[in-house]
Each structure stands twice: as C-alpha cells, then as structure tokens.
Amino acid sequence: MHRRRMADKASRAGERYTAPEILDYVNRVHVPHDAGLARAFAVPDGIPAIQVGPSDGKLLQLLLRLANARKVVEVGTLIGYSAILMARALPANGRLWTIEFEPRHAEVARANLAAAGVADRVSVIVGAGRDVLPTLDHEGPFDAVFIDADKVNYDFYGQWAIDHLRQGGLVLGDNAYLFGELMENTDRGRAMRAFHELVATRCESVCAPTPDGLVVGIKR
Ligand code: DHB
Ligand code: MG
C-alpha cells in the first residue's frame, strides 16, 4: 500500500500516508467548502480540472495571513478557486490581481468570485503573464506572488516576483516538481529549475512537499 519513495534511504521521513480516505477526511475537517468554494472547485465540462487541492489552497490562505498580505498577484486564475481562498486572507482594503490566459476561464472565474463575495477585492485580468505582469509594476511592491500558470515561463514569473515583492514578501509556486519531470532537459524543466534556483538565491525558501510541490520563498 505505502510505497517508500524517499531520496534519503536512511530516514523514514518522507514516507507518504496519503490514502484517499485520509485526504478526504483532513480536507473535510480543515477546509470545509461553503457554497462559493464548492462552486469554484467544480470545474465545468471543457475546462481542465487542474485547480490546487483544498489543503494546498488553504495553505496559501494561511501563508498570506501570516505575511499580513494586502497586495497579492496570482498568475493562472483558472476559475478562481485559489483566488477565493487567497482573497479571503486579505483585509478589507486588500487587493488580489489574478491573471488568466483563457477568456472563457476568466469569465467563469469572475462569476465564481462574485458568488463567493470577494469580487470587490479581486481584479481578473485576461492575457499572458508575460504581457500583463509589466502592466502591474506600478501597483507594487507586493506582499505575495502566487505562480500557477504555464510552466515554461516560471523563470520569468519568478524574476518578476523577486523584482516586485517587498522585503519579507512571499513568492509561491505550484507544480514545482513539474509532474515528475523536474530533472528533464526540456524547456520547461530548465525553466522550473531556474525558478527553484532563483528563489533559493534571493529568498529563505523551501519546496514544500504538497502532492505537486509548492515553492515557498520569503524575499530577503
Ligand atoms: C496542470 C497545471 C497546473 O497548474 C496544475 O496544478 C496541474 C496540472 C497542467 O497544465 O496540466
Ligand atoms: Mg497548478
């Protein structure tokens, strides 16, 4: 049942106990979905169900709380599940700018954010991260940047984050194991490794062992 997959064979640390019924239980206990979250977690047909898991999303929310985040940028909205969780971490005068490449996803996200009661705190911007991020320069410095978009551009997004975060601000990156392909010599493998190395150089950092790997860095 449990496969041992740790890199350090001398330690039991890293063994996984994440049977589905255990994950369902902890998600139910710690991340109960109200109607707004349930709606944004239920991805409609024709849109990929690639949103963060409930525990990953709640972790983002708690990290933003710990950082007293008021101004946050997300790259990769999908239909707004992580945006709702993060927006709910913000004070009344806070703002989340979230960037989505697919207009249809952004339209569903806007409806979900409104249904969840956070539309006043969130701006959904349609476009490619590489084009949209520079238009947000003047809103900074930011308290946190969450990167969850096209993996081949993680190095660009990470550099933008480092350049526009305040000292002590958070850089967060989903899918940091690159679906098991992190060590491959592909464009996105190189980009994701460059992201890891940039964050490690400029931040106090870790790749938290969520199912997909979540980079967490505190800018020095
Ligand atoms: C994919 C993207 C994601 O951000 C994710 O969390 C899972 C899968 C994808 O592009 O397949
Ligand atoms: Mg992701």
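Conventions and cut-offs
Residues numbered from 1 in each chain as written. Chains lettered and ligands numbered in written order. Predicted model: local features only at pLDDT ≥ 70, side-chain atom pairs only at ≥ 80, totals over all residues. Heavy atoms only, no water. Helix = DSSP H or I, 4+ residues; strand = E, 2+ residues; numbered from the N terminus. Rg over C-alpha atoms; globule rule 2.2 N^0.38 Å. Contact = heavy atoms within 4.5 Å. Areas by Shrake-Rupley, 256 points an atom, 1.4 Å probe, with all protein chains shown as cover. Lys, Arg positive; Asp, Glu negative; His and termini not counted. Charge placed at Lys NZ, Arg CZ, Asp CG, Glu CD. Donors = N, O, S within 2.8 Å, 3.2 Å for Na, K, Ca; no water. Buried < 20%, exposed > 50% of the residue type's maximum accessible area, 1.4 Å probe, protein only. Near = heavy atom within 4 Å. Polar contact = N/O pair within 3.5 Å; in protein donor to acceptor, adjacent residues only side chain to side chain. Nonpolar A, V, L, I, M, F, W, Y, C, P; charged D, E, K, R; others polar. Pairing = 2+ DSSP bridges. Axes fitted to C-alpha atoms, helices over the stretch in contact; angles between N-to-C directions. Expected span 1.5 Å × (residues − 1). Salt bridge = Lys/Arg side-chain N within 4 Å of Asp/Glu carboxyl O. Core = buried A, V, L, I, M, F, W, Y, C linked by side-chain atoms within 4.5 Å.

## Notes on the overall build of the protein chain
Next up, step 1: The secondary structure content of the protein chain amounts to eight helices and seven strands.
Next up, step 2: Here the C-alpha atoms of the protein chain give a radius of gyration of 17 Å, agreeing with the 17 Å that 2.2 N^0.38 yields for 220 residues.
Next up, step 3: Look at the contacts in the protein chain between residues 6 or more apart in sequence, and 67% of them connect residues 24 or more apart.
Next up, step 4: For the protein chain, the accessible surface area stands at approximately 11,000 Å², while carbon and sulfur atoms represent 54% of it.
Next up, step 5: Averaging the positions of the 26 positive and the 27 negative side-chain charges in the protein chain gives two centres separated by 5 Å.

## Focus on the coordination of the magnesium ion (ligand 2)
Next up, step 1: Taken together, the protein ligands of the magnesium ion (ligand 2) are D148 (OD), D174 (OD) and N175 (OD1), with distances of 1.9 to 2.1 Å.
Next up, step 2: Spacing between the donor residues of the magnesium ion (ligand 2) along their common chain follows D-x25-D-N. With D148 in the loop between β4 (142-147) and α7 (154-164) and D174 in the loop between β5 (165-173) and α8 (187-202), the pair connects residues that are 26 residues apart, well separated along the chain.
Next up, step 3: The class of D174 is buried, set by a relative accessible area of 5%.

## Examining the site of ligand 1
Next up, step 1: Contacts to ligand 1 come from I50, D148, K151, D174, N175 and F179.
Next up, step 2: Residue K151 places a side-chain N or O atom 2.9 Å away from an oxygen atom belonging to ligand 1.
Next up, step 3: Across the complex, the protein chains shield 65% of the 290 Å² of accessible surface that ligand 1 would expose by itself.
Next up, step 4: In the shell around ligand 1, the residues fall into two nonpolar, one polar and three charged.

## Quick look at the sheet that holds strand β2 (residues 95-100)
Next up, step 1: Taken together, the seven strands give an open sheet; going across it, the order is β3-β2-β1-β4-β5-β7-β6, and neighbouring strands pair in mixed fashion. For this open sheet the edge positions go to β3 (122-126) and β6 (203-208), each flanked by a neighbour on one side alone. Averaged over all pairs of adjacent strands, the angle between their axes in this sheet comes to 15°, without regard to strand direction.
Next up, step 2: Where strand β1 (residues 71-75) and β4 come together, four bridges link them in parallel fashion. If you follow V72 over to β4, its bridge partner there is A144.
Next up, step 3: On the sheet, helix α3 (residues 54-66) packs against β1, β4, β5 and β7 (214-219) and is oriented at approximately 175° with respect to β5.

## Focus on α8
Next up, step 1: For α8, spanning 16 residues, the distance from its first C-alpha to its last is 22 Å, which sits close to the expected 22 Å at 1.5 Å a residue.
Next up, step 2: Looking only at α8, the buried set comprises G189, A191, M192, R193, F195, H196, L198 and V199.

## Points about the pattern of salt bridges
Next up, step 1: Counting across every chain of the model gives eight salt bridges.
Next up, step 2: As a salt-bridge pair, R121 and D120 come within 4.0 Å of each other at their nearest N and O atoms.
Next up, step 3: The partner of R190 in a salt bridge is D187, and the shortest N-O contact between them spans 3.1 Å. With R190 and D187 both in helix α8, this residue pair falls three residues apart, about one helical turn.
Next up, step 4: D187 gets classed as exposed once you look at its relative accessible area, which sits at 55%.

## Examining the nonpolar core
Next up, step 1: Within the largest apolar cluster, 32 residues are counted, with the highest numbers of intra-cluster contacts made by L64 and L172.
Next up, step 2: Put simply, the parts of the chain that give this core at least two residues each are α2 (35-41), α3, α4 (81-87), α5 (103-115), β3, β4, β5 and β7.
Next up, step 3: With six residues, α4 is the single largest residue contributor to this core.
Next up, step 4: In contact with L172, not counting residues within four places along its chain, are L60, L63, L64, V145, F146, I147, V215 and V216.
Next up, step 5: By size, the runner-up hydrophobic cluster in this structure holds 27 residues, among which are W97, I99, L133 and L182.

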